[in-house]
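Commentary on secondary and tertiary structure
Here's the letter readout for the chains.
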Amino acid sequence: MSVPRSPSAASPIQICRVMRPDDANIVGNVHGGTILKMIEEAGGIISTRHCNTQPGDRCVAALARVERTDFLYPMFIGEVAHVSAEITYTSKHSVEVQVNVLAENILTGAKKVTNKATLWYVPFSLQNVDKIIEVPPIEYTNQEQEEEGKKRYEAQKMERLETKERNGEKIWPVISPDRQTKGTFTVGFSQSSLIHLVGPSDCTLLGFVHGGVTMKLMDEVAGIVAARHCKTNIVTASVDAINFHRKIKKGCILTVSGRMTFTSKKSMEIEVFVDADNLVEADKGNYRAVTAFFTYISLDKEGKPLPVPPLKLENEEEQKRSEEGEARYLQNKAKRLSEKEQQK
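Residues numbered from 1 in each chain as written. Predicted model: local features only at pLDDT ≥ 70, side-chain atom pairs only at ≥ 80, totals over all residues. Heavy atoms only, no water.

Here the focus is a positive patch on the surface. A grouping of Lys 265, Lys 333, Arg 336 and Lys 340 is seen on the molecular surface, where their side chains present a positively charged patch. Turning to its location among the elements, Arg 336 is positioned in helix α5 (residues 316-343). Residue classification places Arg 336 among the partly exposed positions, given a relative accessible area of 35%. (Patch = residues over 30% accessible without salt bridge, like charges linked within 9 Å, V, L, I, M, F, W, Y side chains within 5 Å. Areas by Shrake-Rupley, 256 points an atom, 1.4 Å probe, with all protein chains shown as cover. Salt bridge = Lys/Arg side-chain N within 4 Å of Asp/Glu carboxyl O. Lys, Arg positive; Asp, Glu negative; His and termini not counted. Charge placed at Lys NZ, Arg CZ, Asp CG, Glu CD. Helix = DSSP H or I, 4+ residues; strand = E, 2+ residues; numbered from the N terminus. Buried < 20%, exposed > 50% of the residue type's maximum accessible area, 1.4 Å probe, protein only.)

Here's what the structure looks like:
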């Protein structure tokens with residue numbers, strides 16, 4: 001995609017960082033959540049810069065959605081991550097950012113593309129955190145680019161609304177499974193959750209959680225679910241669209257829950273929910289803040305894919321979720337094959 005440019009748009013940016021041992025799992029694969037957090041940081045910087053190129057209220061861009069993101073190649077400890085971000089479309093109240101991630105082997109100089117992501121941001125005023133600021137428009141090299149961007153904008157807007165209607169406000173009870181009584185390879189055996197108190201270091205200037213922090217927590221829970229199911233080295237293969245339904249304030253307690261929904265021969269889909277509980281404003285109750293589906297694969301000691309144990313379904317609800325997961329799996333597989341054919 002050629003990128004539109006305008007004098008008012010923020011210049012493309014690049015973030016570089018060496019991957020450290022605490023960025024990776026026990027065999028040296030960088031966590032998917034670490035990469036997602038870097039992607040969001042780059043997107044947040046460029047969208048906030050762009051939205052402050054006009055006079056008026058100063059603002060901070062908040063992450064509203066991340067489109068499906070594939071992890072094309074693994075990244076390892078010692079490699080340098082190059083994360084580049086560019087603005088590709090603006091609507092009245094949102095910014096589309098395209099982000100590419102390259103991994104560089106600093107010993108050989110070899111580079112490879114590991115991720116391509118599309119993120120949507122909405123700017124909020126620093127004076128009034130509930131006020132959405134109008135986004136400065138960018139210029140396009142031709143009308144076709146603008147029309148394509150508008151189609152992407154309308155598509156993501158519709159899907160966000162559908163997702164919120166489906167499960168945006170429905171809070172699933174978090175049940176700690178008794179793994180002594182649950183059979184292996186069942187949903188109940190591998191389902192997991194973690195609790196996180198939102199502190200100042202997790203938040204933007206507005207006092208709300210960075211989207212990258214939330215995604216990193218979600219990836220951690222999804223990874224635990226996958227590891228419990230396979231008991232092998234596991235890595236993130238892709239993340240379906242992540243919808244940020246509501247902002248999360250500093251001081252909230254987050255409950256991040258994950259459960260296995262579907263397994264194919266070499267992959268597993270994990271559904272992850274983020275529920276927020278505001279201790280300061282307890283009367284408002286808890287709410288569903290974020291939802292997403294993560295896909296993981298199992299690897300052997302040489303980094304080659306291993307077969308995934310089939311998921312054992314114990315009731316009609318699990319069967320229904322598995323069928324829906326299979327439909328998503330087949331749809332994504334068909335899309336990948338179609339893209340490969342177009343590239344030939």
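For the rest of this paragraph, the subject is the UniProt feature "active site" (unreviewed entry) in the protein chain. Using the residue numbers shown here, the UniProt feature "active site" (unreviewed entry) corresponds to Asn 25 and Asp 219. The named residues occupy 195 residues along the chain; their greatest pairwise C-alpha distance, 12.2 Å, places them in one compact cluster. Within the secondary structure, Asn 25 is located in the loop between β1 (13-18) and α1 (32-51). Accessibility expressed as a relative area gives 17% for Asn 25, which makes it buried. Among residues more than four places away in sequence, those in contact with Asn 25 are His 31, Asn 233, Ile 234 and Val 235. (UniProt positions renumbered as here; feature names shortened; annotations may be inferred. Contact = heavy atoms within 4.5 Å.)

A cluster of acidic residues, Glu 144, Glu 146, Glu 147 and Glu 148, forms a negative patch at the surface. What makes Glu 147 partly exposed here is its relative accessible area of 42%.

Side chains of Leu 72, Tyr 73 and Val 113 sit close together on the surface and give an oily, nonpolar patch of about 280 Å² of accessible area. Within the secondary structure, Val 113 sits in strand β6 (residues 111-125).

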